Amino acid sequence: MTALDDKINERFPGLVVRKDLVKAVKGNAIVPTYVLEYLLGQYCATNDEASIQSGIETVREILRKHYVHRNEAGLIKSNIREKGRWKIIDRISVALNEKSDTYEASFANLGISKVLIDSGTVKTHPKLLVGGVWCIADIEYDYTEDKNVSPWILGTMKPIQLSHFDYEAYLEARKGFTTDEWIDLLFQTVGFDPEMFGRRSKLIQLMRLIPFVERNYNLIELGPKGTGKSHIYSEFSPHGILISGGEVTVPKLFVSNSSGKLGLVGYWDVVALDEFAGKQKKVDKALVDILKNYMANKTFSRGVEPLGAEASMVFVGNTKHTVPYMLKNTDLFDELPDKYYDSAFIDRLHTYIPGWEVGVIRGEMFSNGYGFVVDYLAEILRHLRNDDYSDRYRSNFELSSDISTRDRDGVHKTFSGLMKILFPSGEATPDEMEEILKLALEGRKRVKDQLMRLDATYPDVDFSFSRKNGEKVKVATLEENEFPSFYYRRAGGLGLPTTEPTGDDASEAAAAPQLDAGATAVTSVSEGPKTGHFTYNENQRGVTFDNLFGPYLVGVQKITITDPYIRAFHQVRNVMEFIETLAKAKSPADEVEVHLVTCVDGIRPEKQAENLGAIAASCEGVGITFTWEFDETNTIHARHIVTDTGWKIALDRGLDIFQQYELNDAFSFANRLQQFRSVKAFEVIYLKNNSV
């Protein structure tokens, strides 16, 4: 257990569970995570290993005896008949039988229907009428010769969800965590290992929770397959429902004219449409029109009286093309069905999560640390829907007056949602608020910039804000910084005026460090090796050692690398890749000495020395001599590269700028080519000693 796990168990006793236990007990049960964690929370909410193992066996036994597998439904029915009563775990849905004026329950896996259920239970749990609810129920069997009477009798029934929680205790416990610790706790709750992700990647994934804390929030996420876009909406909360985008109809989503039965938006906090993308999908235009009105006004109408609802709408789908391809040829909404590829619909989206920034989920990304029992957090998030944090930034920041009311609403709702998730008591520093405000502006800007590609009548918007001291901060999307030559295309073939290079200059600039929107540089590196200060965003791609260091290594004879953290295999490999860049930059007739100053690995020093020795052996015969020394005092902190030609390159992360990738996969592009790797956020400063 980590120190964070200890703190989690100390601050939230009985409300957290080790996340790898879900896999341990799930087996082949097709049951949502929140159902399993409800059971684990009853028996395994502890850090005592013996109690955990005992609890796992108890939960396994409950699932074995009472969870209904469809292929074993006949056996369960037989048990009920023979024993007279049996407890089951199943998804129960209810419908009103108008002919007999009774409510009848259907059991999804057990395969029985027309089971009478009293109206009081239905009124207490109205979601039984729409989509169904996972429950623990006692079923009885009493045969009668009357063919109109079902032999199945519902005894007791309890929805699998938390019955109560102490919100004030939640707020008090939150005060015991730093912001980074709290983010990691939430990230482990979702099921991922925070050590495998950078801060921006964590926040982007936590943005998926905003629909659970904000009423009538409209979110879209498009990206490659396998990035876990729909996981949260299907597994995380009993208050959200995930349905296929191709299965949704007006009666199912809103209201049936024939029966007057309210649809999904009337009962669920979050309605997510999965597999939403696809140009060829057939979509009812009437559905799109009602959906547009609902997303804008929180109301819908199919008759005389307009109805209101609070459900947030989420749209998730896969993209077929890369981001630069879409920016060059179409837009980031390219995969939407034709009826949804409409500026009025798109304009109602509050934010666009860049799914391409979320890596394809791999086995090692899952967490074995502690997180909230998801049902507990789901109830907390639902409670927070009553609050509004959208104005919390105003004492420190002011949005640009150029931002329209609809854009401002989108920014406010995203900011409010993230504030509630990360700072439920509202106590965030100005820097923390600024980080959230930037994400909120970026998410809405991504929507608006693509709208300008679809419809030339949409004006350009200055997505910026001012700090308290009057300093203006302009917000840009990551893809805007990465692909400026493609990003600024507009409807009708028009482009916005930019300071980005064009023509021959553009090809030269492609090899230069790409600036963050807020960064400054003394001169452009594209003109040759010049002094400058550059900032790179987390998840940015296209950054290579050849671009960063190549121009500064021409003509060198001696290089000293100072970095205390050349220990793990990937860090030693970074040194090797730096030397590969040197080998490409130097003349074949030159010989160069490379000396590394680092600290000894306190865990596996022999492996560290072995790997460094392998680099030295590899350098033989290519005109490069590699040596290293360990700083025995372990006091060095600076990370920089110094050349005998007078250059000093200061790196706040040293050479360790890349996020984790498949080191052992020889057929992975990220393994073979640096430009396909995502980077961590880092800065580099180029300084020149002109006396050399």
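All values reported here derive from a predicted model rather than from experimental measurement.

Cut-offs used in this document
Residues numbered from 1 in each chain as written. Predicted model: local features only at pLDDT ≥ 70, side-chain atom pairs only at ≥ 80, totals over all residues. Heavy atoms only, no water. Helix = DSSP H or I, 4+ residues; strand = E, 2+ residues; numbered from the N terminus. Contact = heavy atoms within 4.5 Å. Pairing = 2+ DSSP bridges. Axes fitted to C-alpha atoms, helices over the stretch in contact; angles between N-to-C directions. Core = buried A, V, L, I, M, F, W, Y, C linked by side-chain atoms within 4.5 Å. Buried < 20%, exposed > 50% of the residue type's maximum accessible area, 1.4 Å probe, protein only. Patch = residues over 30% accessible without salt bridge, like charges linked within 9 Å, V, L, I, M, F, W, Y side chains within 5 Å. Areas by Shrake-Rupley, 256 points an atom, 1.4 Å probe, with all protein chains shown as cover. Salt bridge = Lys/Arg side-chain N within 4 Å of Asp/Glu carboxyl O.

Peer 1: Would you take a moment to explain the environment of Leu548 for this structure?
Peer 2: Following the sequence through the fold, Leu548 ends up in helix α22 (residues 545-549). In this structure, the C-alpha to C-alpha distance between Leu548 and Val684, residues 136 residues apart in sequence, is 8.6 Å. Look past the residues within four positions of Leu548 in its chain and what remains in contact with it is Tyr536, Val543, Ile657, Phe682, Val684 and Tyr686.

Peer 1: Is there a simple way to explain the sheet that holds strand β8 (residues 240-244) in this structure?
Peer 2: Within a sheet, each strand pairs with its neighbour through backbone hydrogen bonds, oriented either parallel or antiparallel. What the 5 strands build is an open sheet, ordered β8-β9-β12-β7-β13; its pairing is parallel. Single-partner strands in this sheet number two, and they are β8 and β13 (351-354). Adjacent strand axes in the sheet meet at a mean angle of 20 degrees, parallel and antiparallel pairs treated alike. Here β8 runs beside strand β9 (residues 270-274); their pairing, made up of 5 bridges, is parallel. Across the sheet, the residue bridging to Ser244 is Asp274, located in β9.

Peer 1: Would you take a moment to explain the nonpolar core for this structure?
Peer 2: The nonpolar side chains of a soluble globular protein tend to be buried, and buried together. Membership of the largest hydrophobic core comes to 94 residues, with the highest contact counts inside it found for Phe12, Tyr170 and Phe372. Beyond its immediate sequence surroundings of up to four residues, Phe12 is in contact with Tyr170, Ala173, Arg174, Phe177, Trp182, Leu185, Phe372 and Tyr376. Counting 72 residues, the second largest nonpolar core, distinct from the first, contains Val115, Val130, Tyr294 and Phe315.

Peer 1: Please explain helix α16 (residues 374-384) as it appears in this structure.
Peer 2: Across the 11 residues that make up α16, a large majority, 9, are buried. Among the residues of α16, those classed as buried are Val374, Asp375, Tyr376, Leu377, Ala378, Glu379, Ile380, Leu381 and Leu384. Buried-residue contacts for α16 involve α3 (33-43), α7 (167-174), α8 (179-190), α10 (210-213), β14 (370-372) and α17 (405-422).

Peer 1: Would you explain the side chain of Asn109 in this entry?
Peer 2: Along the polypeptide, Asn109 turns up in the loop between β3 (102-107) and β4 (115-117). A residue is classified by how much of its surface remains accessible, and Asn109, at 10% relative accessible area, is buried. Setting aside its immediate chain neighbours within four residues, Asn109 contacts Tyr67, Val68, Arg70, Ala73, Asp90 and Trp134.

Peer 1: Explanation requested: the environment of Ile361 in the structure shown.
Peer 2: Inspection of the secondary structure puts Ile361 in the loop between β13 and β14. What makes Ile361 partly exposed here is its relative accessible area of 22%. Between the C-alpha atoms of Ile361 and Thr227, which are 134 residues apart in sequence, the distance is 5.4 Å. Contacts of Ile361, omitting those with residues within four sequence positions, involve Phe192, Gly226, Thr227, Gly228 and Phe366.

Peer 1: Explain the sheet that holds β4 here, please?
Peer 2: Read from one edge of the open sheet, 5 strands run β4-β3-β2-β5-β6, paired in antiparallel fashion. Unpaired on one side and paired on the other, β4 and β6 (152-159) mark the two borders of the sheet. Within this sheet the neighbouring strands show an average axis-to-axis angle of 50 degrees, counted without direction. With respect to the sheet, α3 is in contact with β2 (85-97), β5 (133-141) and β6, its orientation differing from that of β5 by roughly 70 degrees. Docked against the sheet, helix α5 (residues 73-83) engages β2, β5 and β6, running at close to 105 degrees with respect to β2.

Peer 1: What am I meant to see in unusual backbone geometry here?
Peer 2: Within the chain, Lys114 stands out as a residue other than glycine whose phi angle is a positive 60 degrees. Positive phi outside glycine occurs at Asn539, with the angle close to 80 degrees. Relative to the elements of secondary structure, Asn539 occurs in the loop between β18 (532-536) and α22.

Peer 1: How do you make sense of a nonpolar patch on the surface when you look at a structure like this?
Peer 2: A surface patch of nonpolar side chains, about 290 Å² in accessible area, is lined by Phe669, Leu673 and Phe676. Relative to the helices and strands, Phe669 is located in helix α25 (residues 669-672).

Peer 1: In this structure, what is going on with the side chain of Thr179? I would like to understand it.
Peer 2: Along the chain, Thr179 turns up in helix α8. Judged by relative accessible area, which is 13%, Thr179 ranks as buried. In contact with Thr179, other than residues within four places in its own chain, are Arg174, Arg199, Phe423 and Glu432.

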